[in-house]
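# Coordinate analysis (summary)
One-letter residues, chain by chain:
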Amino acid sequence: MNAIEVRVTSDSRDEADRIASAVVARRLAACAQVVAPISSTYWWAGEVGQAEEWLLLMKTTADRFEDLAACVRELHSYEVPEIVAVPIVQGTPDYLEWIRRETVPERGE
């Protein structure tokens, strides 16, 4: 199993909470944390911008990434949302097994 952490930013707490609830309810992530506002500086439309954003950290498997990304895009207000995955290179066996077990697709998916 290839465990990953998917990171997404949002411009509102409500949107971040909706995404977190949806990906967990759909078993696309075993868990999702919403981190307090962060300050982001970025290039967009040829200009440097700054904004307060909320950071989502979601634990899942590499096999579930595409479905999770599709769910985020469905619910996200940004034209190009940040959806990036980083590998979890180490973890306790029981935690990694929990991620695997909780992200098994429902029958019929």
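Summarised in this report is the structure supplied together with it. Note that the structure is a prediction, hence the values are computed from the model and not measured. (Residues numbered from 1 in each chain as written. Predicted model: local features only at pLDDT ≥ 70, side-chain atom pairs only at ≥ 80, totals over all residues. Heavy atoms only, no water.)

### Section: the environment of Tyr78
- Of note, Tyr78 is situated in the loop between α2 (65-75) and β4 (83-87).
- By relative accessible area, which is 23% here, Tyr78 ends up partly exposed.
- C-alpha separation for the pair Tyr78 and Arg13, spaced 65 residues apart in sequence, amounts to 14 Å.
- Only 3.1 Å separates the side chain of Tyr78 from the backbone nitrogen of Asp11, close enough to count as a polar contact.
- Within polar-contact distance, the side chain of Tyr78 engages the side chain of Glu53 at 2.7 Å. (Helix = DSSP H or I, 4+ residues; strand = E, 2+ residues; numbered from the N terminus. Buried < 20%, exposed > 50% of the residue type's maximum accessible area, 1.4 Å probe, protein only. Polar contact = N/O pair within 3.5 Å; in protein donor to acceptor, adjacent residues only side chain to side chain.)

### A few points about the packing of helix α1 (residues 13-25) against α2
- Packing of α1 against α2 leaves a shortest axis separation of 10 Å and a crossing angle of 145 degrees. Viewed along their axes, α1 and α2 form a crossing whose handedness is right-handed. Residue-level contacts link Glu15, Arg18, Ile19, Ala22 and Val23 of α1 to Leu68, Cys71, Val72 and Leu75 of α2.
- Grouping the constituent residues of the contact of α1 with α2 by class yields seven nonpolar, no polar and two charged. (Axes fitted to C-alpha atoms, helices over the stretch in contact; angles between N-to-C directions. Left-handed = near helix turned anticlockwise from the far one by under 90°. Contact = heavy atoms within 4.5 Å. Nonpolar A, V, L, I, M, F, W, Y, C, P; charged D, E, K, R; others polar.)

### What to know about the state of the cysteines
- The tally for this structure, following the rule as stated, stands at zero disulfides.
- Cys31 takes part in no disulfide bond, and the closest cysteine sulfur to it belongs to Cys71, at a distance of 15 Å.
- The class for Cys31 is buried, based on a relative accessible area of 14%. (Disulfide = S-S within 2.5 Å.)

### Details of α1
- Under the 1.5 Å per step criterion, the end-to-end length of α1 is 18 Å for 13 residues, consistent within 8% with the ideal 18 Å.
- Of all the positions in α1, only Glu15, Ala16, Ile19, Ala20, Ala22 and Val23 are classed as buried.
- Buried-residue contacts for α1 involve β1 (3-10), β2 (31-44), β3 (47-61) and α2. (Expected span 1.5 Å × (residues − 1).)

### Quick word on the pattern of salt bridges
- All told, the structure shown has eight salt bridges when counted by the stated rule.
- Salt bridges linked by common partners bring Glu5, Arg7 and Lys59 together as one network. (Salt bridge = Lys/Arg side-chain N within 4 Å of Asp/Glu carboxyl O.)

### Structural notes on the pairing of β3
- Pairing of β1 with β3 involves eight bridges; the strand directions are antiparallel. Of the residues in β3, the one forming a bridge with Arg7 is Leu57.
- As paired elements, β2 and β3 share 12 bridges and run antiparallel to each other. Note on β3: the bridge partner recorded for Trp43 is Val48. (Pairing = 2+ DSSP bridges.)

Taken by themselves, the reported measurements are silent on function.
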